[in-house]
Amino acid sequence: DAGVIQSPRHEVTEMGQEVTLRCKPISGHNSLFWYRQTMMRGLELLIYFNNNVPIDDSGMPEDRFSAKMPNASFSTLKIQPSEPRDSAVYFCASSPMGVSEQYFGPGTRLTVT
Amino acid sequence: AQSVTQLDSHVSVSEGTPVLLRCNYSSSYSPSLFWYVQHPNKGLQLLLKYTSAATLVKGINGFEAEFKKSETSFHLTKPSAHMSDAAEYFCVVSEGAGNNRKLIWGLGTSLAVNP
C-alpha cells in the first residue's frame, strides 16, 4: 500500500496567489481529514469528509480556505488568496469508516512570502 | 467534550535510560486513546492505540502505554531510550461515535535523547 499521498511536498508562493494542495487517501478508506500544523497553534483539524461529503468544516479558518473531495481517491485544499500567516505544514489523513485511528501523509510545507 | 493534556512539553533522557511521557485525558465515556510520533520534518505515525481491550498496550519500537481509568492517564513508556527515539510525541483521544469521529490532539512532548 502506498499510504496517503500528498503533493506538492513543498510550495513557496507569494502573498495573494492561489495555492492548491492535493491528497490521495489510502484505497478503501472512507474518511479524509485535512490538518494544519504550526509552531504557535500545533496541529489543527481544518475539515473532514466521510464518503466524499464534508462533515465538519468548523476548523477552516476563513473563507479564503476551501476543500473539495470530488471522488473517493482525491481531495484538494485551496487557499485563495494566500497570506503569509497561512505558512504551515498541511497534512492529509485518512481512515476506514468507523475506525478512530488515522493514517497521515508526509505533509505539504507551504511558505507564503 | 474530550480533552488531552500532555504534562511535559519537553523531556530529555540519556540513551539507554527509561522514557516516560505523561498524558491525562478528559472523557465522558470510555475513550479510544492513541500515541502518535513525529520525527523531524516527517509525517505523523501511529505508535499505539487503546480501544477498551487490554489496559497495557504495546506499540512499535518498544513503546507501551497503560490506560488507567482511575487516574485518567495514558502515559507512554519505554524501558531503554535509543537515539532514534528523538521526536515529537502526541497523545490523542477520539471524540464522537459511529462514523463521525474526530481526534483531539495534545500539544505534544518533544523528546530529546542524549548520548
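Here is a short report on the structure shown in this document.

Cut-offs applied
Residues numbered from 1 in each chain as written. Chains lettered and ligands numbered in written order. Predicted model: local features only at pLDDT ≥ 70, side-chain atom pairs only at ≥ 80, totals over all residues. Heavy atoms only, no water. Salt bridge = Lys/Arg side-chain N within 4 Å of Asp/Glu carboxyl O. Helix = DSSP H or I, 4+ residues; strand = E, 2+ residues; numbered from the N terminus. Buried < 20%, exposed > 50% of the residue type's maximum accessible area, 1.4 Å probe, protein only. Core = buried A, V, L, I, M, F, W, Y, C linked by side-chain atoms within 4.5 Å. Contact = heavy atoms within 4.5 Å. Phe/Tyr/Trp six-rings, centres within 6.5 Å; stacked < 30°, edge-to-face > 60°.

### A few points about the pattern of salt bridges
(1) Moving on: Enumeration according to the criterion identifies 13 salt bridges over all chains in this entry.
(2) Moving on: A salt bridge links Lys102 of chain B to Asp56 of chain A, with the shortest nitrogen-to-oxygen separation between them at 2.9 Å. Here Lys102 of chain B is found in strand β11 (residues 100-105), whereas its partner Asp56 of chain A is found in strand β6 (residues 53-56) on a different chain.
(3) Moving on: Look at Asp56 of chain A and you get buried, because its relative accessible area is 19%.
(4) Moving on: Linked through salt bridges whose partners overlap, the residues forming this network are Glu62, Arg64, Glu83, Arg85 and Asp86 of chain A.

### Comments concerning the nonpolar core
Grouped burial of nonpolar side chains is what soluble globular proteins tend to show.
Residues and elements named next belong to chain B.
(1) Moving on: Trp35, Phe74, Leu76 and Tyr89 are the most contacted members of the largest nonpolar core, which has 26 residues in total.
(2) Moving on: In terms of residue count, strand β10 (residues 87-97) provides more of this core than any other element does, four residues in total.
(3) Moving on: Residue contacts for Tyr89: discarding those within four places in its chain leaves Gln6, Leu21, Trp35, Tyr36, Val37, Leu47, Phe63, Leu76, Gly108, Thr109 and Leu111.

### Some words on the packing of aromatic side chains
Given two aromatic rings, their pairing is described by the distance between the two centres and the angle made by the two planes.
(1) Moving on: Following the criterion strictly, the structure yields 13 aromatic pairs over all chains and no others.
(2) Moving on: Residues Phe33 of chain A and Tyr48 of chain A carry aromatic rings whose centres are separated by 5.2 Å and whose planes lie at 20° to one another, so their mutual orientation is stacked. Of the two residues, Phe33 of chain A sits in strand β4 (residues 31-38) while Tyr48 of chain A sits in strand β5 (residues 42-50), which places them 15 residues apart along the sequence.
(3) Moving on: Accessibility expressed as a relative area gives 3% for Tyr48 of chain A, which makes it buried.
(4) Moving on: With centroids separated by 4.2 Å and ring planes inclined at 15°, the aromatic side chains of Tyr50 of chain B and Phe67 of chain B adopt a geometry described as stacked. Here Tyr50 of chain B is found in strand β6 (residues 44-50), whereas its partner Phe67 of chain B is found in strand β8 (residues 64-68), with 17 residues between them in sequence.
(5) Moving on: For Phe67 of chain B, a relative accessible area of 9% corresponds to the buried category.
(6) Moving on: Three or more aromatic residues joined by ring pairs form one cluster here, namely Tyr35, Phe91 and Phe104 of chain A together with Phe34, Tyr36, Phe90 and Trp105 of chain B.

Function cannot be read off these values alone, since they describe shape.
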